[in-house]
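# Results of the structural survey
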Amino acid sequence: MTSEAIPVRPLQYLQAQMRWRWSEAAFWLATLLPFVLTPNYLVLASQIAITALFVLSLDLILGYAGIVSLGHAAYFGVGAYTAGLLSKWGFGEPLTGLLAAAIMAGLFGYLTSFIVVRFRHLALIMITLGIGLVLQEAANSASWITGGFDGLQGIHTWPILGKFRLDIYGYTAYGYSLAGLFVVFLVARRIIHSPFGLALRGIRENGLRMPAIGAPVHAHIRTIYTIAAIIAGIAGALLAETTETVSLEALGFQRSADELVMLILGGTGRLYGGLIGAAVYMVARDQFSGLNPQYWYFWIGLLLIAVVTLLPNGILGGLAHLARRMKVKS
Amino acid sequence: MSANALATHGLNKNFGSLVVASDIALVLPQGVRYALIGPNGAGKTTLINLMTGMLQPDGGRIVLGDDDITALPPEERVRLGLVRTFQINQLFPHLTALESVTLAVCERRKVARTWWRQLTAYGDEIDEAYDILAALSLAPVCHRLTRELAYGQQRLVEIALALAAKPKVLLLDEPAAGVPREESRELFAAIAGLSRDITVLFIEHDMDLVFRFASRVIVMVGGRVLVEGTPAEIAADPRVRAVYLGKARHEAAS
Amino acid sequence: MPSVFGVLFDGFAYGMLLFLMSVGLSVTLGMMNFVNLAHCSFAMLGGYVAITLMNAFGWPFLATLPVAFIAAAALSVVLERIFFRRFYNSSDLDQCLLTIGIVFVSIATAAYIYGTDQQPMQLPHYLRGSIAVMGLDLPVYRLFLIATALLITVVLVVTVETTRFGAQVRAAVNNQRMARGLGINVDGLFAATFALGSGLAGLGGALAIAMLGLDPQFALTYLIYVLIVVSVGGLGSISGSFAAAMLLGFSDMAGKYYVPSIGAFLIYLVMIVLLMWRPAGLFGRR
């Protein structure tokens, strides 16, 4: 950034910062490619879109507010089971399912936010881990409602908007998931560019300074935590509706851990990092799915070590760094 | 309406057997410029931490204007007008100077919690932030990341953040610390330019600044207030000399 | 249904094992604030070293214990020098991710070399069965475990309280900057403490085989318990780790025997409640 007298008024400068970039437009256009290029992989694409949405919600609390959570899948699971149960009990209208999931996950997120906000460092990691594990065990025990180990049976999703029926090739599933991802992404983008988004970045940059400028830090964190829980819940509901199953792994530790890896891979605090990371991770996992799961985790382990050591800001961070270097040279 | 901007009554704090504040009773009338001096470890920063709520006292009261703020959390005290700066810069490294000050303005105006409207809809707040930075000669660099600014400029941003909160009482913790002579001109101008409505208490080791800006001086030693008076009185006080001279002798020996 | 005393006894033995596996992590976390989630990988290493020596080379069980300790300590020194010291000032998240990566690699390596099944193990004849003590039937191995662990605990406490090394460790845990200022070689101290802690974990892992079993998932399964002990007990506190390990050992055993349906549930709830009451741990500072 150059420093000399700015001929542009500060407002205009900030507006320019927040404008949609061509790279963003290209990204979203590219998400339409699977329909045309890889129609055999639409089911996978749908899974990627759902996971990307889930990872986006984690980015909001981790990348922007700095909360390290090892139990974020709890809200994903609450959303999934809510939508699944609603359908199982006879009302399979998908958009209503999303709404119900958002409310339940949001409620649970709001209540737990009061606990989460009081901790930092190891205690915070343990509390979030504990909440996730407690929920997992509870879901396992309450198998009369959750189906336990076998999962929820009898979910039947009604046609979306009354017209689009789920098909076995995944056209509807991917269209639905992608639409969900895009709409929620627009909301997330708006949050990031709002005064609240600025406050979140302030918390992440210097949590000590925030109260000294009069910021109610706890209230801010509770808000973003609830919002992130709502988004995770919507992602979970999308999974339940498009696959018509829900199992315990939806709120398991494995899912929380995988999501963390995906976010780190893509790069935190850049909104698109989670999306990129999810895409790369899940495509790779699909390609290597023939591999023994043990060996998969060997390479993931090496990848984690490599990313933390060599590419601390993930893929997007590395690209940004490269772009800066190239700009300096020219 | 109290004529006193800030008052403490019997403020105590100790960490185990280490007493960092002992029965501090201070009264700061409105509009006066106070300097707080004393050797290292006298408890000056601790006092500011107690006043702002970052540290909980073991006993005593703090009154801001007419309000007893002893039980209030730090952010509430800021809202009532008690603002501080830090001895070591506490800034937002990856935010630009403009973004940092805009944030402070938004928090003051209680609009920082709106997540559904774009920041660019808050032109008034952005303009106010820009004006604060311009008054401190930081307008040309307002779009630079804070971490890329020179140390003197960062120190000015530290003050800008405090001013954005529209303080009634401003506590400056060694505002000139670490600033090289070439860059301190704007800093001194900024402090001199502070409105007469603001009551200022600043911790300083630089006696130049103390004599230029303070109308009264408080001397702290070992967690206690030793003496209070005009700069001239303090300079002539034998007890103060003993504290500093003794210290100088100690430093020369080691 | 086993007697109350039987459950208590088992809980005590389990608690002692957890203590051995956790104390190292608690002290190094308290001293350097380095979140080492790979700590249980050292425990696992100790277990596999002991098993290999016994099954492949026919060593007697007792002889494998010191080797387990040394192997874990040695590897930890290597990792600390090459990797960990570069991340002492990194964020919590980075440290978590780095060490989780090492955990994954260790699990996969163990699976590759040893397969995913539980390792078979034969206790020497003098450690099998039970003996009658004051009218109660006590399993010999549990007794051995408790005795060994207690002995180590006593040595540990004596070392920390009376030797110069111990005093330096306490100083560094209490205030690292001050300790450095006093001329204590904090970096060397940390390497030594890290090695000691990891060695103890390795020993714990070897001792755990006969009671908890050993498979490649060990590094992750028991990590959660170790983390609970460390966070509930308080960072940098040996007595805290001891108390928390006992608490966890008893609760887990009691839960498994008396209310198996919600056993695991209970542990996590207790942890959350305890952390909410005392965020820095039972014996933690701040």
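Residues numbered from 1 in each chain as written. Chains lettered and ligands numbered in written order. Predicted model: local features only at pLDDT ≥ 70, side-chain atom pairs only at ≥ 80, totals over all residues.

## A closer look at the overall build of chain A
Basically, it comes down to this: Note on conventions: DSSP H or I runs of at least 4 residues are helices, E runs of at least 2 residues are strands, and numbering of each starts at the N terminus. C-alpha atoms define the radius of gyration, and 2.2 Å times the number of residues to the power 0.38 defines the globule rule. Each residue is classified by how many other C-beta atoms fall within 10 Å of its C-beta atom, where C-beta atoms are placed from the backbone; a count of 20 or more means buried, 12 or fewer means exposed, and values in between mean partly exposed.
Within chain A, the secondary structure is distributed over 16 helices and zero strands. The C-alpha radius of gyration of chain A comes to 20 Å, within 12% of the 20 Å expected for a compact globule of 330 residues. For the C-alpha atoms alone, the extent of chain A along its principal axes is close to 65 × 45 × 45 Å. The buried share among the 330 residues of chain A stands at 55%.

## Notes on the overall build of chain B
Condition: A residue pair is marked as a contact if its C-beta atoms, positioned from the backbone, fall within 7 Å.
Across its full length, chain B carries nine helices and ten strands. A compact globule built from 254 residues would reach a C-alpha radius of gyration of about 18 Å, and chain B, at 19 Å, matches this within 12%. Based on the C-alpha atoms only, the size of chain B along its principal axes is roughly 60 × 40 × 35 Å. Put simply, chain B has 254 residues, and 46% of those count as buried. Of the contacts made within chain B by residues no fewer than 6 positions apart, 67% connect residues no fewer than 24 positions apart.

## Concerning unusual backbone geometry
Unlike most non-glycine residues, Glu244 of chain A shows phi in positive territory, near 55 degrees. Counting through the fold element by element, Glu244 of chain A comes out in the loop between helix H12 (217-243) and helix H13 (253-266). Even without glycine at this site, Lys110 of chain B takes up a positive phi of about 60 degrees. Within the secondary structure layout, Lys110 of chain B lies in the loop between helix H3 (97-108) and helix H4 (123-135). Its 11 C-beta neighbours within 10 Å are what place Lys110 of chain B among the exposed residues.

## Quick look at helix H4 (residues 92-114) of chain C
The cut-off we apply is this: Multiplying one less than the number of residues by 1.5 Å gives the expected span of a helix.
Helix length check: H4 of chain C (23 residues) gives 32 Å between terminal C-alpha atoms against 33 Å at 1.5 Å per residue, within 8%. Positive backbone phi, at 80 degrees, marks Gly115 of chain C, one or two positions downstream of H4 of chain C.

## Things to note about the sheet that holds strand S1 (residues 4-15) of chain B
The pairing of strands in a sheet comes from backbone hydrogen bonds and takes either a parallel or an antiparallel form. Residue and element names in this part refer to chain B. The condition is simple: In this scheme, strands are said to pair when DSSP sees at least two bridges between them. Here an angle of 0 to 180 degrees is reported between the N-to-C directions of two axes, which are lines fitted to C-alpha atoms, with helices fitted over the stretch in contact.
Here four strands make up an open sheet; going across it, the order is S2-S1-S4-S5 and the pairing antiparallel. Only two strands of the sheet have a single partner each, and these edge strands are strand S2 (18-29) and strand S5 (67-68). One ladder, built from two bridges, connects strand S4 (residues 59-64) with S5; its direction is antiparallel. Within S5, the residue paired with Val63 across the bridge is Asp68. Contacts from helix H1 (residues 44-52) reach S1, S2 and S4, with the element oriented near 65 degrees to S2.

## Let's talk about the interface of chain A and chain C
Let me state the cut-off plainly: The nonpolar class holds Ala, Val, Leu, Ile, Met, Phe, Trp, Tyr, Cys and Pro. Asp, Glu, Lys and Arg form the charged class, and all remaining residues, Gly among them, are polar.
Counting from both sides, the interface comprises 28 residues of chain A and, opposite them, 28 residues of chain C. When residues of the side of chain A that touches chain C are traced back to their parent elements, those giving at least two are helix H7 (121-141) and helix H15 (293-310) of chain A. Per-element tally for the side of chain A that touches chain C: the top contributor is H7 of chain A, with twelve residues. In terms of residue class, the side of chain A that touches chain C is built from 21 nonpolar, five polar and two charged.

## Points about the environment of Pro39 of chain B
Within the element layout of this structure, Pro39 of chain B appears in the loop between strand S3 (33-37) and H1. Among the residues examined, Pro39 of chain B registers 16 C-beta atoms within 10 Å and is labelled partly exposed.

## Quick word on the interface of chain B and chain A
In this complex, chain B contributes 41 residues to the contact, which on the side of chain A involves 33 residues. For the side of chain B that touches chain A, the leading source of residues is H3 of chain B, giving eight residues. Here the side of chain B that touches chain A is built from residues that sort into 24 nonpolar, eight polar and nine charged.

## With respect to the pairing of S3 of chain B
Residues and elements named next belong to chain B. For S3, a buried count of five out of five residues is recorded, marking the element as mostly surrounded by other parts of the structure. Burial along S3 is two-sided: the residues Arg33, Ala35 and Ile37 and Tyr34 and Leu36 are all buried. With four bridges joining them, S3 and strand S8 (residues 199-203) adopt parallel strand pairing. Paired with Ala35 across the strands is Phe202, a residue of S8.

## Some thoughts on the packing of helix H2 (residues 39-57) of chain C against helix H9 (residues 218-233) of chain C
All names here are of chain C. To keep it simple, the criterion reads: Should an angle fall under 35 degrees it is called roughly parallel, over 145 degrees roughly antiparallel, and 65 to 115 degrees roughly perpendicular, with every other angle called oblique. Crossings are classed by handedness, with left-handed meaning an anticlockwise turn of the near helix from the far one by less than a right angle and right-handed meaning a clockwise turn.
Following both chains from N to C, one finds H2 and H9 inclined at 130 degrees, their axes separated by 8 Å at the closest point. When the interaxial angle is binned, H2 and H9 end up oblique. The hand of the H2/H9 crossing is right-handed. Two secondary-structure elements touch here, H2 through His39, Cys40, Ser41, Ala43, Met44 and Gly47 and H9 through Phe218, Ala219, Tyr222, Leu223 and Val226. Its residues assigned to classes, the contact of H2 with H9 shows eight nonpolar, three polar and no charged.

## Things to note about the nonpolar core
The condition that has to hold: In plain words, the nonpolar core is the set of buried Ala, Val, Leu, Ile, Met, Phe, Trp, Tyr and Cys residues that C-beta atoms within 7 Å link up.
Grouped together as the largest cluster of nonpolar side chains are 282 residues, with contacts concentrated most on Leu53 and Ile234 of chain A, Val101, Leu133, Ala160 and Ala164 of chain B together with Val226 of chain C. When sequence neighbours within four positions are dropped, the list of residues in contact with Val101 of chain B reads Ala129, Ile132, Leu133, Ala160, Leu161 and Ala164 of chain B.

## A short note on the sheet that holds strand S9 (residues 216-221) of chain B
All names here are of chain B. Pairing is mixed in the open sheet, where six strands are placed in the order S6-S7-S8-S3-S9-S10. Of all strands in the sheet, those bounded by a partner on one side alone are strand S6 (82-84) and strand S10 (224-229). Across the sheet, the axes of successive neighbouring strands diverge by a mean angle of 20 degrees, strand direction being ignored.

## Observations concerning the packing of helix H1 (residues 4-32) of chain C against helix H10 (residues 238-258) of chain C
Residues and elements named next belong to chain C. Running from N to C, H1 and H10 point in directions that differ by 140 degrees, and their axes come no closer than 7 Å. By the angle class used here, H1 and H10 are oblique. Where H1 crosses over H10, the handedness of that crossing is right-handed. A breakdown of the residues in the contact of H1 with H10 according to their chemical character gives 17 nonpolar, seven polar and two charged.

## Quick look at the pairing of strand S2 (residues 136-139) of chain C
All names here are of chain C. When strand S1 (residues 130-133) meets S2, the two strands line up antiparallel, connected through four bridges. Across the sheet, Ile131 pairs through a bridge with Leu138, a residue of S2. Taken together, S1 and the strand that follows it, S2, pair antiparallel across an intervening segment of two residues, in which Met134 is found at a positive phi of about 50 degrees.

## Let's talk about the arrangement of the chains
With two pairs of chains in contact, the largest contact count belongs to chains A and B. Taking C-alpha atoms as the reference, chain B and chain C come no closer than 11 Å and do not contact one another.

## Some points on the confidence of the model for chain A
Residue and element names in this part refer to chain A. The test is simple: pLDDT is defined as a per-residue confidence score from the predictor, taking values between 0 and 100.
Per-residue confidence for chain A averages 88 on the pLDDT scale, and 97% of its residues sit at or above 70. Mean pLDDT across the secondary structure elements of chain A bottoms out at helix H8 (residues 143-146), with 81, and peaks at H12, with 95. Residue range residues 1-5 is modelled with pLDDT below 50. Its contacts to residues more than four positions away, or to other chains, number seven contacts.

## A short note on H15 of chain A
Here H15 of chain A contains 18 residues, and its C-alpha end-to-end distance of 25 Å stays within 8% of the 26 Å for a straight helix at 1.5 Å per residue. Considered for burial, the residues of H15 of chain A that qualify are Tyr297, Phe298, Ile300, Gly301, Leu304, Val307 and Val308 of chain A. Considering only its buried residues, H15 of chain A is in contact with H13 and helix H16 (314-329) of chain A together with H4 of chain C.

## Details of the environment of Asp167 of chain A
Residues and elements named next belong to chain A. Take Asp167: it is sitting in the loop between H8 and helix H9 (171-192). Judged by the 10 C-beta atoms lying within 10 Å of it, Asp167 falls in the exposed class. For the pair Asp167 and Glu93, spaced 74 residues apart in sequence, the C-alpha separation works out to 16 Å.

## As for the confidence of the model for chain B
Residues and elements named next belong to chain B. Summing up the model confidence of chain B, the mean pLDDT is 87 and the portion of residues at 70 or higher is 95%. At the low end of the mean pLDDT range in chain B sits helix H9 (residues 238-253), at 65; at the high end sits H3, at 96. This complex was scored by the predictor with a pTM of 0.87 and an ipTM of 0.88.

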